[in-house]
Amino acid sequence: MGLDDPRLAPLYDLSREVDLVFGMALRSDDFRYYNAAVHMAGGKVTHVHRKVYLPTYGMFDEQRYFAAGDRVRTFEHRGVSSGMLVCEDLWHLSTSYLLFVQGVSLLVCISASPGRGVLADPEADSAPGSVHAWDALLRTVAQYNECYVAYCNRLGYEDGVTFWGNSAVLGPDGREVVAAGDEDGVFFADIDIREVERQRQQTPLLRDEKVEFTLRELGRVWDERTDGPF
């Protein structure tokens, strides 16, 4: 559907009371479909992120149905530099890095991640390997990008597949602010952007990041892999 679809009217109305982030199959004007995250506030769409990385391994066949997005952007909302990613996007270092060098303070990732993979310790823990992998990933992204990470994952069962939840908000030091575990419901987290400032003053990774160095080295790698210049 498009963003003008009348079925979205209740969400537009609700966004006048509370900011919303939700996922949808977004149709473009030329009839391509994207797995998209949409941010609504004040009765209007304030940002859209089209999923860049579409998995085609294991149980996933997403690229069969969706077109891939081609950009990662921050957006300002309520004085906070924010960004959104969808599920597999976060597993690629490039996406959070691109938000990092744009100065993101709040990264929101929505996900429908199923439980899969071997257990980390079958005798001590019944959670599938993907749960532990996501926990480690979220801590790493929050800590090394020195930003808040709000992660919302699907919870429940469908067609024999378990979606394990574990939605959480992590602070810019990588520590959990709130964690939902395997419970559904509404959870609240206090976000203080001054914590981002303190973390970036203490460990000035963004200040010292050499974007020009990264671009130069990426250009070199590209040239070595292809016949033409970057």
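Quick caveat, the model's predicted, so the values are computed rather than measured.

(A) Examining the nonpolar core more closely. Counting 34 residues, the largest nonpolar core has Leu90, Leu107, Trp134, Leu138 and Val149 as the members making the most contacts within it. At the level of elements, strand S5 (80-86), strand S6 (106-111), helix H3 (129-145), strand S7 (148-153) and strand S10 (168-170) are the ones that each hand at least two residues to this core. With 6 residues, the single largest contributor to this core is H3. Those residues within four positions of Trp134 in sequence are excluded, and the remaining contacts are Cys87, Leu90, Trp91, Cys109, Ser111, Ser113, Tyr151 and Trp164. Listed in part, the 10 residues of the second largest apolar core include Leu8, Tyr12, Met24 and Leu26.

(B) Just helix H4 (residues 193-202), in detail. Within H4, burial applies to Val196, Gln199 and Arg200. On an axial view of H4, the arc spanned by its buried residues comes to 95°, and they lie on one face. Exposed side chains of H4 directed beyond 90 degrees from the buried face belong to Arg194, Gln201 and Gln202.

(C) Structural view of the pairing of strand S8 (residues 155-158). As judged from the 4 bridges shared by S8 and strand S9 (residues 161-164), these two strands associate in the antiparallel manner. Paired with Glu158 across the two strands is Val161, which belongs to S9. Hairpin connection between S8 and S9: a loop of 2 residues separates the two successive antiparallel strands, and Asp159 in this loop has a positive phi of roughly 50°.

(D) Spotlight on the packing of aromatic side chains. Summed over the entire model, instances satisfying the criterion amount to 4 aromatic pairs. Seen in terms of ring centroids, Trp91 and Trp134 are 5.5 Å apart; in terms of plane orientation they differ by 80°. Their pairing is edge-to-face. On the criterion of sequence distance, the pair formed by Trp91 in the loop between S5 and helix H2 (93-101) and Trp134 in helix H3 is long-range, its members being 43 residues apart. Given a relative accessible area of 3%, Trp134 falls into the buried group. Ring geometry for Trp134 and Tyr151: centres 4.7 Å apart, planes at 25°, overall stacked. Of this pair, Trp134 sits in helix H3 while Tyr151 sits in strand S7, and the two are 17 residues apart along the sequence. In this structure, Arg154 is placed above the aromatic ring of Phe163, and the distance from its NZ or CZ to the ring centre is 4.2 Å.

(E) Inspection of unusual backbone geometry at higher detail. Of note in this structure, Phe31 is not a glycine but carries a positive phi near 70°. Tracing the backbone shows Phe31 in the loop between strand S1 (20-27) and strand S2 (33-41). The exposure class assigned to Phe31 is exposed, which follows from its relative accessible area of 63%. Despite not being glycine, Arg78 has its phi angle at roughly 55°, a positive value. Mapped onto the fold, Arg78 is located in the loop between strand S4 (74-77) and S5.

Reading the values: the criteria
Residues numbered from 1 in each chain as written. Predicted model: local features only at pLDDT ≥ 70, side-chain atom pairs only at ≥ 80, totals over all residues. Heavy atoms only, no water. Core = buried A, V, L, I, M, F, W, Y, C linked by side-chain atoms within 4.5 Å. Buried < 20%, exposed > 50% of the residue type's maximum accessible area, 1.4 Å probe, protein only. Helix = DSSP H or I, 4+ residues; strand = E, 2+ residues; numbered from the N terminus. Contact = heavy atoms within 4.5 Å. Arc of directions from axis to C-beta. Pairing = 2+ DSSP bridges. Phe/Tyr/Trp six-rings, centres within 6.5 Å; stacked < 30°, edge-to-face > 60°. Lys NZ or Arg CZ within 6 Å of the ring centre and 35° of its normal.

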